[in-house]
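Structural features, examined
If you want the building blocks of each chain, they are given just below.
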Amino acid sequence: MDARALLRHRTRRVFLPLGCATLALAVLAGCSGGGGTSSTPTPPAVTVTVSGNSQARIGTTVQYTATVANNPNTTVTWQVNGVAGGATATGTISASGLYTPPTALPNPNTVTITAISQAVSTASGSLTATLLNPQPTVTNATVAVSGSTDTITVNGTNFVSGAQVQLQGQTFNATINSSTQLTATASLSLPAGTTTIPITVINPNPGSIASSSFNALVTTPASITAAARLLDQATFGPTLTDIQHVESVGIAGYLNEQFNTAPTTLPLIAATPPTPCATNLVPCLQSEWWQATLTAPDQLRQRVAFALAEMFVVSTNSVNSRAVVAFQNTLVNDAFGNFSTIMKDVTLSPAMGAYLNMLNSNKPGTVNGVPQIANENYARELMQLFTMGLVLLNPDGTAQLDSSGNTIPTYTQAQVQAFARAYTGWTYANADGSAPSKFPNGTANYTMPMAAVDANHDTTAKILLNGTTLPAGQTSAQDLDGALANIFAHPNVGPFVCKQLIQHLVASNPSPAYVQRVAAVFANNGNNVRGDMKAVITAILTDTEARAGDTNATAEGGHLREPMLWLTNMVRGLGFVNNDAKAGNDVIANASYNTLGNYTSSLSERPYASPSVFNFFPPDYVIPSTTTNAPEFSLENTASAVLRLSLANTVVFNKISGFTVDLSATSPLGAMASNPGNLVDALGMLFMHSQMSTQMRTAIVNHISTFTDPAQRVRVATYLVITSSQYKILH
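Residues numbered from 1 in each chain as written. Predicted model: local features only at pLDDT ≥ 70, side-chain atom pairs only at ≥ 80, totals over all residues. Heavy atoms only, no water.

1. Focus: the environment of Lys655
Definition in use: Secondary structure follows DSSP: runs of H or I at least 4 residues long count as helices, runs of E at least 2 residues long count as strands, and numbering of each begins at the N terminus. The buried label applies to any residue whose accessible area, calculated with a 1.4 Å probe on protein chains only, is under 20% of its type's maximum; exposed applies above 50%, and partly exposed to all values in between. The contact rule is simple, with two residues in contact once any of their heavy atoms fall within 4.5 Å.
Note on placement: Lys655 falls in the loop between α18 (638–652) and β29 (659–660). Look at Lys655 and you get exposed, because its relative accessible area is 59%. With residues near it in sequence (within four places) discarded, Lys655 still touches Tyr599 and Thr650.

Shown next as structure tokens:
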């Protein structure tokens, strides 16, 4: 062996032991003389830890976090009580660990929140959470004061068994009618004149918690006269049941109930309506309108919507009935909201768009060489008839005068043109409510708000009222909102709108002081909100001028019952029964409700059939040869007076097609016929707030006493009451 080979041989022999020693130091394992084996290290165990709040309150959510150690895959699967994703009874948990408790406490009121590693299914972590009762919320409340026992009624959410009501420093056990209503009885000492009182609802343990304080409305029982008069003003006619109810809950209590009653809307007319609407849609609309006004539980909402419909006028004389149904529903839904919302929703309704030509109003330009302007119809009528009037008003609704004693115009023709340009670019929406790509859209959409095509909107600057300028370059929606806000803020709107609402609900000729009091509420509902319709309606119906007749039968005021209200008052008071069944969810099979319009049309009124935008009667109509403002009297003449007599005769002899009015000897009124005085008093309560004059009562009692047939007594007495001048005027 040469020297180099020997060197290589020796090198190998030297380095092998050194390598073995080095490896032994690294892994703490020895080497045997002839060689050795190596071992793989055991990895650390994967662990999962769950963190988050150990308490969860019903009605809230809790975020839980899972920490996965010793594995790069940190994804977990969440469980509640061993069920992936949870369950309705114990609560659910999302993939991100957001836990939503159940709607009611389980038994026991604890749950186990578990996170399981998706990398190692045997690795998991858990946390036990205690569930607590929800925090109650109060949306409205009344305290009905009656003798020694007062009844507290609270509406809201999250009321649970064991809840209590706290007021005047006292705590009272409550009866849970549902999770949204509870009642309690108490004996309170309220100072005279108290109208509201703070109350709190406390849910019990586990997790006892109180609601925010709420000012409950204090109500007192109403007299029979006050109850009947309020219903005459606030509904389509008093009924015996409603009179008794208002007597019990009081005026404030009834208004509060009505404000919280869900709206009754009309069903949309089907694309292929049943007979008799197949060739004429108007009967579909009118039959549903009559049914809602006569039978809907939200009577105040329906009555206010009726008043609004006679202010914001559209007519089936030129508008498709499908659009008018949607318009009626808009007024019903918005009646208790804000007047600014009413303005916008009316403006964008296809019915109004078609009636006053804002629909498809294009930006100014030239067509076939002829200059075109934006359509001014809606811009003018929105100001003149719907919101402000022609002249500037004082806060009490009287006209402002200049130094020469002349009235001052509210707006100029240039401002009408500016508003008209602000309203350009609107057409029918697509079927899904979106804006079409063409203008005008030739496919009518009667049920959804109009949509804007900005390419057809005038984008120049526009000078509006009080020097307000809409800047150039705005979209259709921006200009519309700016224009409506400009009108809504005008000081005329409060007195102008409030006076008309008073005229429709309470009195044709309200005093300036009455108008000013209500207009002040329109300007500020007490919480710096302008246009709050609930506050305005409450102010109108509870004003001292509105309620003066409750205790003084000779109090001035009131208005002539317009034909549709005259008929609804009669048939509701007499307990009418409709003889037709409703066909599915659409219109009435033979539209018998529509027949009611046949009777009122001869008196110049029929639902949504006004001859012009000025309504069936103008709000400023003055009876000839007098100075008395009495709008409904524009429909009253010799012919209409005789026709009312004929209609009353049709009612009492039970000849209204499709309806039954029971005035037989076995009817509730017939049971009183043996005592003519009792019969006349019952009719006086239903129709005249128990304020029939002594002279009238005596005359009717003496006359019906000459009949021996009980049914004849009932029919004649009813006829004499409903045709009397004292009844025709709602005092």
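2. Looking at the nonpolar core
Applied cut-off: Nonpolar cores are built from buried Ala, Val, Leu, Ile, Met, Phe, Trp, Tyr and Cys residues. Side-chain atoms within 4.5 Å join them into one set.
Counting 149 residues, the largest nonpolar core has Leu308, Phe312, Phe339, Tyr423 and Ile487 as its most contacted members. Sorting elements by how many residues they give to this core places helix α19 (residues 676–688) first, with eight residues. Beyond its immediate chain neighbours, meaning those up to four positions away, Leu308 contacts Leu331, Ala335, Ile342, Leu501 and Met533. Ranked by size, the runner-up nonpolar core spans 20 residues in total, among them Ala141, Val165, Val201 and Ala216.

3. As for the packing of α19 against helix α21 (residues 710–722)
The condition is simple: For helices, the fitted line uses only the C-alpha atoms of the stretch in contact; every axis is such a line through C-alpha atoms, and the angle between N-to-C directions lies from 0 to 180 degrees. Here the word oblique covers every angle except those under 35 degrees (roughly parallel), over 145 (roughly antiparallel) and from 65 to 115 (roughly perpendicular). The handedness criterion is simple: a crossing whose near helix is rotated anticlockwise from the far helix by less than a right angle is left-handed, and one whose near helix is rotated clockwise is right-handed. We call Asp, Glu, Lys and Arg charged. Ala, Val, Leu, Ile, Met, Phe, Trp, Tyr, Cys and Pro are nonpolar, and the rest, Gly among them, are polar.
Viewed as axis vectors pointing N to C, α19 and α21 meet at an angle of 40 degrees, and their least axial separation amounts to 10 Å. On the basis of their axis angle, the class for α19 and α21 is oblique. Considering how the two elements wind past one another, α19 and α21 form a crossing that is right-handed. Counting all contacts with α19, which are made through Pro676, Leu679, Leu683, Phe687 and Met688, the residues of α21 involved are Arg713, Val714, Ala717, Thr718, Val721 and Ile722. Taken together, the residues of the contact of α19 with α21 sort by class into nine nonpolar, one polar and one charged.

4. A short note on the pairing of strand β13 (residues 149–157)
Selection criterion: Here a strand pair is declared whenever DSSP counts at least two bridges between the two strands.
Residues of β13 alternate between two faces, with Asp150, Ile152, Val154 and Gly156 buried on one and Thr149, Thr151, Thr153, Asn155 and Thr157 left unburied on the opposite face. Of the pairings in the sheet, the one linking β13 to strand β17 (residues 181–186) comprises six bridges and is antiparallel in character. Each residue of the ladder has a partner; that of Ile152, found in β17, is Ala184.

5. Details of the sheet that holds strand β9 (residues 98–100)
Pairing is antiparallel across the open sheet formed by four strands, whose spatial order is β3-β9-β8-β7. Of all the strands in the sheet, the pair left with one neighbour each is β3 (62–63) and β7 (86–87). Note that β7 and strand β8 (residues 91–93) share two bridges and pair antiparallel. Its bridge partner lying in β8, Gly86 is registered against Thr92.

6. With respect to the side chain of Arg303
The condition that has to hold: Here Asp and Glu are counted as negative and Lys and Arg as positive; His is not counted, and neither are the chain ends. By convention in these notes, a salt bridge is any Lys or Arg side-chain nitrogen within 4 Å of a carboxyl oxygen on Asp or Glu.
Relative to the helices and strands, Arg303 resides in helix α5 (residues 299–309). Of the side chains bearing the opposite charge, Asp232 lies closest to the buried Arg303, which forms no salt bridge; the N-O distance is 5.9 Å. Ignoring sequence-local partners within four residues, the contact set of Arg303 consists of Asp232, Gln233, Ala234, Thr235, Phe236, His504, Leu505, His559 and Leu565.

7. Structural notes on the packing of aromatic side chains
Rules: Any two of the Phe, Tyr and Trp rings considered here, Trp counted by its six-membered ring, make a pair once their centres fall within 6.5 Å; the pair's planes then place it as stacked at under 30 degrees, edge-to-face at over 60, or tilted in between.
Taken as a whole, this structure holds 18 aromatic pairs when the rule is applied. Geometrically, the ring pair formed by Trp289 and Phe306 is tilted, given 5.7 Å between the ring centres and 55 degrees between the ring planes. With Trp289 in helix α4 (residues 282–295) and Phe306 in helix α5, this residue pair connects regions lying 17 residues apart in the sequence. In this structure Phe306 comes out as buried when scored by relative accessible area, which is 6%. A centroid spacing of 5.5 Å and a plane angle of 80 degrees characterise the contact between Phe687 and Tyr727, whose relative ring orientation is edge-to-face. Here the residue Phe687 occupies a position in helix α19, and Tyr727 occupies one in helix α22 (residues 725–728), the gap between them amounting to 40 residues.

8. Focus on helix α14 (residues 533–542)
What counts here: Any N or O atom pair separated by 3.5 Å or less is treated as a polar contact, with the protein-specific requirement of one donor-capable and one acceptor-capable atom, and with residues adjacent in sequence counted only for side-chain atom pairs.
Judged by how many residues are buried, α14 sits mostly within the fold: seven of 10 residues are covered. The N-cap of α14, judged by a side-chain oxygen 3.1 Å from the amide nitrogen of Lys534 a few residues on, is Asp532.

9. Side note on the packing of helix α20 (residues 694–704) against α21
Contact geometry for α20 and α21: axes closest at 10 Å, N-to-C directions at 155 degrees. The orientation of α20 relative to α21 falls into the category roughly antiparallel. Considering only the axes of α20 and α21, their crossing is right-handed. Contacts between α20 and α21 involve Met696, Ile700, His703 and Ile704 from the first element and Arg713, Val716, Ala717, Leu720 and Val721 from the second. The residue inventory of the contact of α20 with α21, partitioned by class, reads seven nonpolar, one polar and one charged.

10. Some remarks on the pattern of salt bridges
Counting across every chain of the model gives 14 salt bridges. The salt bridge partner of Asp232 is Arg561, with a shortest N-O separation of 2.8 Å. Highlighted residues: Asp232 in helix α2 (residues 224–234) and Arg561 in the loop between β27 (559–560) and α16 (563–573), separated in sequence by 329 residues. The residues Asp232 and Arg561 share a single accessibility class, namely buried. When the shortest N-O distance is used, the salt bridge between Arg572 and Asp242 registers 3.4 Å. Of this pair, Arg572 sits in helix α16 while Asp242 is found in helix α3 (residues 240–259), placing the two residues 330 residues apart along the sequence. For Arg572, a relative accessible area of 8% corresponds to the buried category. By sharing partners, the salt bridges in this structure join Arg421, Asp458, Lys462 and Asp479 into a single network.

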